Structures are given as C-alpha cells and as structure tokens.
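# Per-entry structural report
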Amino acid sequence: MSFLTVTFAALYYAATVLLVVGLARRIRLYWKTPAPLKIPTTPAPTSTGGVVMRMFREVVFFESLFKSTKWTWLFGWLFHLGLFAVLFRHLRYFQEPVWAPVVWVSPLFKYLAFAMIIGLLGLLARRLFVDRVRYISAPSDFLMLFLLIGIGATGALTTFVTHTDVVAVKSFFRHLMTFNFDTMPNVPTDPLMVAHLGLVVVLMIVFPISKLLHAPGVFFSPTRNQVDNPREQRHIADWARKLEQ
Amino acid sequence: MAKADFEIPELKEYPEIPPVQPGATAGLKSFVAKPEMQDALGFPGELVDGWQEKAIEHMGELLGKYRSLQVFLDSCVKCGACTDKCHYYLGTSDPKNMPVARQDLLRKVYRRYFTFAGKYFPKLVGATDLNKEVLDDWYSYFHQCSQCRRCSVFCPYGIDTAEISMAAREIMDRIGLGQKYCNEIIGKVYKIGNNLGLPGPALEDTLEGLEEDVFDETGVEVKYPLDKKGADVLLVTPSADFFAEPHVDGLIGYGKVFHEAGIDWTLSTTASEAANFGMFIGSYENMRKISMRIREAALELGVKRIIFGECGHAWRVAYSFLNTLAGPWDFLDKNYPMPQHILEFTWGEIQKGTLNIDKSLNDDMVVTFHDSCNVARASRMGDEPGGQFTIPRNVIKAVCNNFVDMDPDTTHEKTFCCGGGGGLLTDDLMEIRVKGAKPRMEALRNVIEEHGVTNMAAICAICKAQFTKVLPYYGLGMDMIVSVHQLVSNAVILTGQQTEEDESKEDDAA
Ligand code: HEM
Ligand code: HEM
Ligand code: SF4
Ligand code: SF4
C-alpha cells in the first residue's frame, strides 16, 4: 500500500468517527434541550400532519426562503438539488451490488453537478456583491463556499474531462467499509481525485462544528416544528414544572 | 409635522432597501434601570463584579433551558434572507439592526465560549470575547428589537431574533444591566396591579365615568363592573384602555357588546392589566408571576370564562403561554376556548345576530387595518390557522362600509411592526420608534393617496399608543388611529337606544 493510501485510510476512518459522533452528540443535544413554550411562527398547522407537511415544504422547497428573496432561493435551491443528486449518485461507489435506482439515474444525475456548482457560484457572488450579505460574512462563510466549489469542481473535472480509475476508488472504499486491508488497492494518484478526496475529508470534519448544522437544525426549529394548539393542550417543560411546587 | 432632533425618514412610493451605514444608531440607548427597580424583580441593582463570567454562566444555563436558543445559534448559515426584513434596519440603515447581525452580537460570544471552532479559531468564524464594547452593543441593539418576529417568517430555519433578544435581555438583567422602561413597569404590576399604576379607586372612578358617558350618549345603562364576584366573564384588558385615546373607545365598545349579548362580566383590580412585560425581558419567572395574577383573580371572582381585550403581546402570552404558565384552567367552563379574544367573542355575537348594527354610522371613515405582530405571527383567533387575520377584518367589515387593505407585503404574517413593541414604547427611544415606523407609514400613506383612507384600526395598546405619537412626525394626524371596538361601538345600536335609527335599520340586515 502506498503512503497516500494509508494516509487516506487513516483520515477517512478518523473523519467518519468525528462526523458520526459529532452529529449524534449535537442531535442528542437538540433533542434533550426542552422547548418550554409554544412558539410556532403563525399561521401554523394545528395538527401533527400539518407540521409534517410544513417541514416537508421547508426542507424540499425552501418555502420560507422563497417568500424571502428569489435570487438566494434560486441559487440555494439549485445548489442543494445538485448536491443531493450527486450524493445519491455517489452511492454506487459504496454499494455492492449497486441499488437499481442509483444505476438508472446515474447517467442523468451527473449533469446536476453543474446545478450544484452554478448555485454555489451564485451564492458566492451574492456574498461578495450585496453589501448586507458581505457585512454579515465571516471568513468561514467564504471558505465553506470555496470548499464546496472545490469538491464540486474537482469531481466534475474528473467525471467530464480527465477521468480516473473509478473501480480502484470504489474498491478502496469497499475495503475500508469491510475492514479488509489484505487486498486493498491503492487510491488513484491523479491530482484531481486526490484533491477531491482530500477536500471531502475536510468537509466531513467541519460538518458537525460549523453552520452545516443547519441540516439537522432545521428539523428541531421550534418555530417550524410545533403544532399550534396551546389552548387545547398544556405544554410544560420539566424545569418549568418545578416552579409550580 | 412634529419636531425632532433627528432626521425623519423620507417616505417612498416603493420601499427601498438602504445601503448599510455602520454605527448609525449605536449611540441610541434606552435608560438603564435604577437599582430599586432591579431589586423589585429580583435582579442585581447594578453591573456586578465579574459580570463577564456571570453572563457566560447565564448564557450556558439558558442554552440548556431553551431549544430555540441552542438551535438558532447553531443553525444560521448567513444566507442574508432576513437582512432586509426588519423595520429598524429599513428605517435606520444600521447593519446591526439586520436580524442576523443582531443575533450575531450574541452568537459571536456563544461561539467563543461554547463551540470548538470559536474556542480555537475565533477569527475564522467571527467569534469574540465578551467585553465592555460587546456589552454596550448588546444593550443598544437588543433594545432596538421589538421582538416582532418578522424575520422568523422569512428565515429558512425560522430563526426568531425575538428569542435571541429575550435571552440577551435576560442575561443583562441577571448581571445587573436592566432597562428602565420594562423593569419599572413590571414593578408597578406587582405593586399596584397594572402597568400604569392606576390604583383600585381610580379605576372605579374611571369606569363610573364611562357608564355616565355611555348613558348620556345613548340613554342606556351599560355597566362597566369592577371586581364583581360571581360574574360569568372576567375581562382582562391593557390598562391604557381605562383612559387613553383611542383605547378607551375600545373599552366602551367591549362593554356595549357584552351588554347586548346579555353577558354578566367584570374587570378585576388585581388583574387590571393584560400586558405582560415579563415576555419582553425574556424572563419566564416574571412572565409566570404576572400571569398568575389572572388565575388568582379568576378563582377569587369565581368566573367561568376569561376574555382578553385588544392587546398584541398580551394576546400572545394569553393564547400561546397562559395555559402553560398559569394552567390548567379546569375550573372554567369547558365550552369556551381558554382564553378567548374579545374579537372572537364579538365576531360570534355578530354571526348570531345579537348585535343591531348600523354600518352607515361609520361612513365618515375609510378604514384600513394594521395587523399587530404578536397577533399575526405568534398567536391565532378562531379554529382555523389565519383566523387572526380574518376575524378582525370580518368584524371591521361588519361594522364599516369602507374597508381597504394595505400592500400585502405589509399585512397578515408579513405585517410590519408599529415600531414601538417589545419594550421600546418609551420616550428615550423616540428616534428608533419614529424610524422603525417607516415601512408601516409608507404602506399607510400609499392607501391614503390611492384610496382616500382616513383611519387605521388596530387591536393593540402598544400600536395605538405608538401610532398616536409617531403619526405626526410623518405629517399625519394622530387621531387617524382607532380601536377596532371603537368602530363596533360607533355602529352598534343598543336595545332601547333613542336614535333616528328607524330608517337606516333595513339597510343592513346582514
Ligand atoms: C436537510 C438538509 C438541508 C436543508 C433543508 C438545507 C437548507 C439550506 C438552506 C435553506 C440554505 C439557505 C439558502 C442558501 O444559501 O442556499 C442553506 C445554505 C447552505 N447549505 Fe444547506 N441544507 C441542507 C443540507 C446541507 C448539506 C448536507 C450541506 C453541505 C454539504 C449544506 C450546505 C450549505 C451551505 C454551505 C449553505 C450556505 C450557502 C451560502 O453561503 O450562502 N446544506 N441550506
Ligand atoms: C468519500 C466520499 C467521496 C468519494 C469516494 C467520491 C468520489 C468521486 C469520484 C470517483 C468521482 C468521479 C466519478 C467519475 O469519474 O465518473 C466523483 C465525482 C464527483 N463528486 Fe465525489 N466523492 C465523494 C464525496 C463527494 C462529496 C461529499 C461531494 C459533494 C459535496 C462530491 C461531489 C462530486 C461531484 C459534483 C462530482 C462530479 C459529478 C458526478 O460524477 O456525479 N463528492 N466523486
Ligand atoms: S435568514 Fe436565517 S439563516 Fe439566513 S441569515 Fe437570516 S437568520 Fe441566518
Ligand atoms: S424580531 Fe422584528 S425587530 Fe427584532 S430583528 Fe426581527 S424583524 Fe427586527
């Protein structure tokens, strides 16, 4: 095994642990922290089913963002659409045998990489040129966009221009996943693929300690996930109940 | 036009988003609470020694108590969608009045002390130590937020800056840096029973005066009872209703509706205040204590129902929190929602046909309606989502012939705050109040010019007081603002009332 292969193997194990443990701890924290008062942004659904629909519209269509600014919505939605299409297509590097729907959509979904990159560039332009958005941006907000553009660009260049030994990449990850180090192949050494894999490690590590926590966060947002029924049901947190004694 | 020692924003036909002007309102600070006001609420009198550590400690405690705070501080992606949604930013151009930047005042400290990235890479993620400068900004800008929740409507994660402002104010109170306006008022509620410090005998006088006025005007004996044991309904209304214009005309209206509906009702001296400023300062304990007065009054008087008068944030606390804070309300009549809004009640009576209404009595007005933020975005009326928009409009339309809505980007859940909510209704913040009213004034002026609107109806004591003060700065008459129940009062013809009603009666069988 090459030095590069060993390094990547170690990095991916470490990054996976950090990602999974980090996210799990964060989600647990959100779960455990009480929401002592009913604060849905009204008009809000009056049933759990309604809340599920509201959340669905938020997560899938970015409903509130759409009401808010059309440009941000357009670029943001393109980016996320592309991102999830690409990630879905990526399942084929990890599954054996590959799930049929992944095979079917693969030839088509690869073009959605462009939606992802165009979306990211649009969001970057907004961050640079709209004075209000520039004012609220920290260096990390730019770096996050650069990181994702980097991942997208190296990936797309590999797919559409230079190509890499996809079989070797897949085999490497299958071996990692099954903890089988005997027949582990070396990862390809073309710079684009090395950069792609390297940047993905960074993304995995920063995920649970950055604003990417918006992905789990949205589901825990009390203004969006609460049912509007405070007159019908008493809603009291444990710490608040103690005040009654 | 009213005189001001600051620049009054120019109203545009189409709303404009101003370019950022850092520091524009940094120096605008409301008066700090005096030690005795702090004491009355159980907060330290002045900035304590070691306030930095104490503030961080309190922040940690609040993070563990409020999921909203924890999730909101983590989740913002700085997408900027909220940046042009706050009336205070639109009116002042100060970037720290953009909701996300306001949150960031707290978030940058949160990151510094509570997150890995902020502990080890503060510059990268914009984290900072809590120092005097940051505290100054906190005091300025968390008292330039009316907790109106407009930003939360537009944020993709529903991040509600009101929650952040409340937490920040709670932290400041606990290190001895309270705001005079809110804390002094809460003290009065504890001592006397209402925000205005009106003692029982004064209330009694006022209510007798109202009975005489209504009798002189209509020849009907409408009662405005106080502390009447065994009454069916306890009315809890903001204390401004007892004397200020146009609020008191609303109170007259409630009384007429109860009278016609044949309801045995009462006000209470100890719960002579619907407002609950405990919410503004983010203090669950104080909010609860203020709410408990209503429970105690209801038990003592033995009422079966509780109805709230026209007040925005009071209705939020009543509708959304009262069951939690002071429930369960199992001793009340189960057939009615607990609590009920006076508009729900009046709309019910209108539908039943108990009220004899002559709409033409309001024909001298073309009315528009200002949705109060706390009613619009933090509560409901009726059984359907959005009842808080339809019920007030239905009532207005049932008593007025001429009604026009303002630009839909400024009504319903997108309504703009009056500029004086959330504990900002104080003279020492007049500049921010006038500037924050700009978007509403713009929308109002447009309907005045296009549709000849003469009056704007509101259902909130703060809105009414704020507009009365602020309209003149924009060259508009302060008496434009009316209570919704004032309109009802104008149009209701009491049973036995002597009028020239006979001809007009047929007009509105509806
Ligand atoms: C439940 C899944 C998710 C939802 C509902 C969601 C939603 C959103 C929304 C509404 C925005 C704001 C609009 C915009 O700027 O695009 C946003 C921003 C962002 N999201 Fe997500 N997201 C999700 C998952 C992810 C994941 C998995 C990633 C990263 C790999 C990600 C990366 C980002 C980034 C970097 C931004 C900021 C873009 C900027 O700088 O303007 N999101 N997300
Ligand atoms: C361990 C994780 C990953 C592996 C092993 C991986 C591997 C690959 C490989 C081998 C390709 C080239 C495919 C070809 O030549 O046909 C590729 C393309 C691509 N990758 Fe990744 N990648 C990973 C994670 C990611 C992530 C997290 C993103 C996005 C944030 C991403 C975005 C892309 C894009 C946009 C392309 C081009 C379009 C496509 O082929 O679907 N990759 N990736
Ligand atoms: S809209 Fe929400 S996520 Fe976007 S910047 Fe404002 S607070 Fe942050
Ligand atoms: S709650 Fe209202 S006042 Fe406060 S930041 Fe949001 S929009 Fe502005």
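Numbers given for residues are sequential positions, taken from 1 along each chain in its written order. Each chain gets a letter, beginning with A, and each ligand a number, beginning with 1, in the order they are written. Confidence filtering applies because this is a predicted model: local features only for residues at pLDDT of at least 70, side-chain atom pairs given and counted only at 80 or more, and all residues used for totals across whole chains, interfaces and linings. The basis for every side-chain value is the complete set of heavy atoms in the structure, and neither hydrogens nor water enter the calculation.

## A closer look at the interface of chain A and chain B
Short version of the rule: By definition, residues are in contact when any of their heavy atoms lie within 4.5 Å. A quick way to say it: buried area is the sum, across both parts, of accessible area lost when two parts are put together, with a 1.4 Å probe. By definition here, a salt bridge exists when the distance from a side-chain nitrogen of Lys or Arg to a carboxyl oxygen of Asp or Glu is within 4 Å. Here a polar contact is taken to be a pair of N or O atoms separated by no more than 3.5 Å, where protein atoms must pair a possible hydrogen donor with a possible acceptor and residues adjacent in sequence count only if both atoms sit in side chains. We count a stretch as a helix when DSSP gives it H or I for four or more residues in a row; a strand needs E for two or more, and each element gets its number in order from the N terminus.
Contacts between the two partners involve 60 residues from chain A and, on the opposite side, 81 residues from chain B. With both sides pooled, the region where chain A packs onto chain B buries about 5600 Å², and carbon together with sulfur makes up 58% of that total. Of all residues in chain A, the largest losses of buried area upon contact with chain B belong to A:Arg132, A:Ile136 and A:Arg231, amounting jointly to 15% of the total for that side. Here chain A and chain B share 4 salt bridges between them. Among the salt bridges present, the one from B:Asp84 reaches A:Arg132, with a minimum N-O distance of 4.0 Å. Linking chain A with chain B are 39 residue pairs in polar contact (both at pLDDT 80 or more). Broken down by secondary-structure element, the contributors of at least two residues to the side of chain A that touches chain B are α1 (3-32), α3 (63-68), α6 (112-129), α7 (131-136), α8 (139-162), α11 (214-220), α12 (222-225) and α13 (238-241) of chain A. Broken down by element, the side of chain A that touches chain B gets its largest block of residues, 5 residues, from α7(A).

## Focus on a negative patch on the surface
Residue and element names in this part refer to chain B. We apply this condition: Each patch groups residues whose relative accessible area exceeds 30% and which form no salt bridge, using 9 Å between like charges and 5 Å between nonpolar side chains of Val, Leu, Ile, Met, Phe, Trp and Tyr. What sets the accessible areas is the Shrake-Rupley method with a 1.4 Å probe; for residues, cover comes only from the shown protein chains. Charge assignment in this entry is limited to Lys and Arg as positive and Asp and Glu as negative, and neither His nor the chain termini are counted. Charge placement uses NZ in Lys and CZ in Arg. For Asp and Glu, CG and CD serve respectively.
Among the surface-exposed residues, Glu204, Asp205, Glu208, Glu212, Asp213, Asp216, Glu217, Asp227, Glu296 and Glu300 lie close enough to one another that they form a single negatively charged patch. Counting only elements with at least two residues in the negative patch, the list comes to α12 (200-218) and α14 (284-301). For the negative patch, the element with the highest residue contribution is α12, accounting for 7 residues. Note that Glu204 resides in helix α12.

## Overview of the sheet that holds strand β1 (residues 233-236) of chain B
Residue and element names in this part refer to chain B. Basically, it comes down to this: We treat two strands as partners when DSSP finds at least two bridges between them.
With parallel pairing, the 4 strands of this open sheet are ordered in space as β2-β1-β3-β4. With partners counted over all chains shown, the strands left at the sheet margins are β2 (265-266) and β4 (340-341), one partner each. Where β1 meets β2, 2 bridges bridge the pair, whose relative direction is parallel. The residue of β2 that forms the bridge with Val233 is Trp265.

## Quick look at the pattern of salt bridges
Residue and element names in this part refer to chain B. Put simply, the rule is: Remark: exposure states derive from per-residue accessible area (1.4 Å probe, protein chains only) relative to the maximum for the residue type, with buried under 20%, exposed over 50%, and partly exposed in between.
Per the counting criterion, the structure on display carries 36 salt bridges over all chains. Between Lys85 and Asp84 there is a salt bridge whose closest N-O contact spans 2.6 Å. You'll find Lys85 and Asp84 in the same group, each marked buried. Between Arg393 and Asp405 there is a salt bridge, with the nearest N and O atoms lying 2.9 Å from each other. Placement of the pair is Arg393 in helix α18 (residues 387-399) and Asp405 in the loop between α18 and α19 (430-436), with a sequence separation of 12 residues. One salt-bridge network, in which partners are shared between bridges, spans Glu61, Lys65, Glu170, Arg174 and Glu285.

## Details of the site of ligand 2
All names here are of chain A. Put simply, the rule is: Any residue with a non-hydrogen atom lying within 4 Å of a molecule or strand is treated as near it.
Around ligand 2 sit 24 residues, and of these Arg89, His90, Tyr93, Thr159 and His196 come closest. Within the side chain of His90, one N or O atom sits 2.8 Å away from a nitrogen atom of ligand 2. Side-chain polar atom of His196 to a nitrogen atom of ligand 2: 2.9 Å apart, as the coordinates give it. Elements represented by at least two residues in the shell around ligand 2 include exactly α4 (70-90), α6, α8, α9 (166-177) and α10 (191-206).

## A closer look at unusual backbone geometry
The residue after A:Thr42, namely A:Pro43, is reached through a cis peptide bond having omega 0°. Along the chain, B:Met338 connects to B:Pro339 via a cis peptide bond; the corresponding omega equals -10°. Residue placement: B:Pro339 occurs in the loop between α15 (312-326) and β4.

## Concerning the coordination of the iron atom of ligand 2
All names here are of chain A. Short version of the rule: The donor definition counts N, O and S atoms within 2.8 Å of each metal and applies 3.2 Å to Na, K and Ca; water is not among these atoms, so some sites may look incomplete. Only two sets of limits are used to name each site, 85 to 135 degrees for every angle of a tetrahedral four-donor site, and over 155 degrees for opposite donors with all other angles from 65 to 115 for a square planar four-donor or octahedral six-donor site, with any other site named irregular.
The protein atoms that coordinate the iron atom of ligand 2 are His90 (NE2) and His196 (NE2), at distances spanning 2.0 Å. Its 6 donor atoms give the iron atom of ligand 2 angles of 88 to 178° at the centre, a pattern that matches the octahedral case. Taken together, the residues span a long stretch of sequence, with His90 in helix α4 and His196 in helix α10 at a distance of 106 residues. Given the relative accessible area of 10%, His196 is considered buried.

## Overview of the site of ligand 4
All names here are of chain B. The condition is simple: Gly falls in the polar group here, along with every residue not listed as nonpolar (Ala, Val, Leu, Ile, Met, Phe, Trp, Tyr, Cys, Pro) or charged (Asp, Glu, Lys, Arg).
Taken together, 14 residues lie near ligand 4, and Cys86, Cys145, Cys148, Arg149 and Cys151 sit nearest. At the level of elements, α4 (87-92), α5 (99-114), α9 (150-154) and α10 (161-174) are the ones that each hand at least two residues to the shell around ligand 4. Per-class residue counts for the shell around ligand 4 are 7 nonpolar, 4 polar and 3 charged.

## Remarks on the coordination of the iron atom of ligand 1
Residue and element names in this part refer to chain A. Binding of the iron atom of ligand 1 to the protein goes through His80 (NE2) and His214 (NE2), at separations of 1.9 to 2.0 Å. Each of the 6 donor atoms bound to the iron atom of ligand 1 contributes to angles spanning 86 to 179°, and the resulting shape is octahedral. You can see His80 sitting in helix α4 and its partner His214 sitting in helix α11, a full 134 residues away along the chain.

## A few points about the domain arrangement of chain B
Residue and element names in this part refer to chain B. Inclusion rule: Note that domain bounds follow an automatic or database assignment of domains.
We note that the domain assignment places domain 1 (35-185) and domain 2 (192-404 + 453-491) within chain B. In this structure, domain 1 and domain 2 have C-alpha centres spaced 32 Å apart. Domain 1 puts 18 residues into the contact, and the matching count from domain 2 is 15 residues. Taken together, both faces of the contact between domain 1 and domain 2 bury some 1500 Å²; the carbon and sulfur share is 51%. Across the domain 1-domain 2 interface, the total number found is 1 salt bridge. For Glu285, the salt bridge identified is with Lys65, shortest N-O distance 3.8 Å.

## Topic: the side chain of B:Gln38
Secondary-structure assignment places B:Gln38 in helix α1 (residues 35-40). Beyond its immediate stretch of four places on either side in the chain, B:Gln38 contacts B:Ala33, B:Phe43, B:Pro44, B:Gly45, B:Asp173, B:Gly176, B:Leu177, B:Gly178 and B:Asn183.

## As for the environment of B:Gly387
Residues and elements named next belong to chain B. Looking at the element boundaries, Gly387 is found in helix α18. Through-space distance from the C-alpha of Gly387 to that of Ile307 is 17 Å; in sequence the pair is 80 residues apart. Excluding its chain neighbours within four sequence positions, the residues that come into contact with Gly387 are Met381 and Pro392.

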